[in-house]
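A closer look at the structure
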Amino acid sequence: ADLGPRTLALGNRRLLDEQQLPADVLGNAAEAWEAEGRSLAWLLELAPQPQVLGLLAFGDSLKPGARAAIQQLQALGIRCHLISGDNQGSVNAVADALGIDERQANVLPADKLARINALRQRGRVAMAGDGINDAPALAAADVGIAMGTGTDVAMNSAQITLVKGDLMGILRARRLSQATVKNMHQNLTFAFLYNSMGIPLAAGLLYPLTGHLLSPMIAALAMSVSSASVVFNALRLRNAPIDQD
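None of these values were measured; they are calculated from a predicted model. (Residues numbered from 1 in each chain as written. Predicted model: local features only at pLDDT ≥ 70, side-chain atom pairs only at ≥ 80, totals over all residues. Heavy atoms only, no water.)

Observations concerning the overall build of the protein chain
Secondary structure summary: the protein chain contains ten helices and nine strands in total. For 245 residues, the compact-globule formula gives about 18 Å, and the C-alpha radius of gyration of the protein chain, at 28 Å, lies well above that figure. Dimensions along the principal axes, computed over C-alpha positions, put the protein chain at roughly 105 × 40 × 30 Å. By residue count, 28% of the 245 residues in the protein chain fall in the buried class. Put simply, 45% of the contacts in the protein chain that link residues at least 6 apart link residues at least 24 apart. When the accessible surface of the protein chain is summed, it comes to about 15300 Å², and 59% of that surface belongs to carbon and sulfur atoms. Averaging the locations of the 20 positively and 21 negatively charged side chains of the protein chain gives two centres separated by 13 Å. (Helix = DSSP H or I, 4+ residues; strand = E, 2+ residues; numbered from the N terminus. Rg over C-alpha atoms; globule rule 2.2 N^0.38 Å. Buried < 20%, exposed > 50% of the residue type's maximum accessible area, 1.4 Å probe, protein only. Contact = heavy atoms within 4.5 Å. Areas by Shrake-Rupley, 256 points an atom, 1.4 Å probe, with all protein chains shown as cover. Lys, Arg positive; Asp, Glu negative; His and termini not counted. Charge placed at Lys NZ, Arg CZ, Asp CG, Glu CD.)

Next comes the structure, spelled out in structure tokens:
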């Protein structure tokens, strides 16, 4: 910010290091707050006299059900990673509370993108995020999951948006996707069997034996029944058991 003769800046520890300014008396407070899992923002004066003006500490509480959601994902054999631009102390505190071993702190948007691409070399990756900095990684992941409580940029970059921003929504989305794929397989199997029997009958397969041909009206009705059966089977997804919290 340019405030007349003074130029101020607000940023993380990287900004302090870039300006080569000492933390001075605030260094001890910064270490203590980082150990508590706080996110820090340094207020600097860049001109006319470069100096540290203050330090802001922010703390977030975990959303209800976040740890349970992570535990259920891990129980399914899904490896969970915490990749954040926050300081190491804050990331460690959150990762310990969630039970996540894989963690990275002080990560820039380009680094998040590189990390997602590296993980994709080892398997399929789903990325959950809510900020502008998460947008490139959300777009690069096999499945990008945005929080409805986050930024529009993140939601536009993702394939799935959780309206309530609840991590349990990831489990529900996974169950719904599995139920949808299972339903698709059922529909394809039924359609294949139905048509494999119906087409020969419509072509007159039984005519040499019975002397009868399939009436066009009956054939049209049978085709309608085939389509209706697929639709009604798909409607069963409304009762899919996705809420198993």
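Overview of the packing of helix H3 (residues 66–75) against helix H4 (residues 88–98)
Here H3 crosses H4 at 65 degrees, and the two axes come no closer than 8 Å. Taken together, the axes of H3 and H4 lie roughly perpendicular to each other. Seen from H3, the contacting residues are Ala66, Arg67 and Ile70; seen from H4, they are Asp96, Ala97 and Leu98. (Axes fitted to C-alpha atoms, helices over the stretch in contact; angles between N-to-C directions. Parallel < 35°, antiparallel > 145°, perpendicular 65-115°, else oblique.)

Some points on the pairing of strand S8 (residues 143–147)
Counting buried residues in S8 gives four out of five residues, a clear majority hidden from the surface. As defined by bridge partners, strand S7 (residues 126–129) adjoins S8 across four bridges and the pair is classed as parallel. Counted as the bridge partner of Gly129 is Ala146 from S8. Where S8 and strand S9 (residues 160–162) come together, three bridges link them in parallel fashion. Across the sheet, the residue bridging to Met147 is Leu162, located in S9. Tracing the backbone out of S8, into helix H7 (residues 152–157) and back to the parallel element S9 gives a crossover that is right-handed. (Pairing = 2+ DSSP bridges. Right-handed = clockwise from strand over helix to strand, strands pointing away.)

Concerning the sheet that holds S7
Spatially, the three strands line up as an open sheet ordered S7-S8-S9, and their pairing is parallel. Two strands lie at the open edges of the sheet, namely S7 and S9, each paired on one side alone. On average, each strand axis in the sheet is inclined to that of its neighbour by 20 degrees, with strand direction left out of account.

Looking at a nonpolar patch on the surface
A surface patch of nonpolar side chains, about 430 Å² in accessible area, is lined by Leu10, Leu43, Leu53, Leu56 and Phe58. For the nonpolar patch, the leading source of residues is strand S4 (residues 51–58), giving three residues. Assignment of secondary structure puts Phe58 in strand S4. (Patch = residues over 30% accessible without salt bridge, like charges linked within 9 Å, V, L, I, M, F, W, Y side chains within 5 Å. Salt bridge = Lys/Arg side-chain N within 4 Å of Asp/Glu carboxyl O.)

Section: the packing of H3 against helix H8 (residues 168–202)
For the pair H3 and H8, interaxial distance at closest approach is 8 Å and the crossing angle is 40 degrees. Contact residues: Ala68, Ala69, Gln72 and Leu73 in H3; Met168, Ile170, Leu171 and Arg175 in H8. Across the contact of H3 with H8, the residue classes tally to six nonpolar, one polar and one charged. (Nonpolar A, V, L, I, M, F, W, Y, C, P; charged D, E, K, R; others polar.)

Re unusual backbone geometry
A cis amide bond links Ala47 to the next residue, Pro48, at an omega of 5 degrees. With respect to the helices and strands, Pro48 occurs in the loop between strand S3 (39–47) and S4. For Gln20, which is not glycine, the phi torsion reads 55 degrees and is therefore positive. If you trace the backbone, Gln20 turns up in the loop between helix H1 (13–18) and helix H2 (26–35). The class of Gln20 is exposed, set by a relative accessible area of 70%. Positioned with a positive phi, Asn106 is a non-glycine residue whose angle comes to about 55 degrees. What makes Asn106 partly exposed here is its relative accessible area of 39%.

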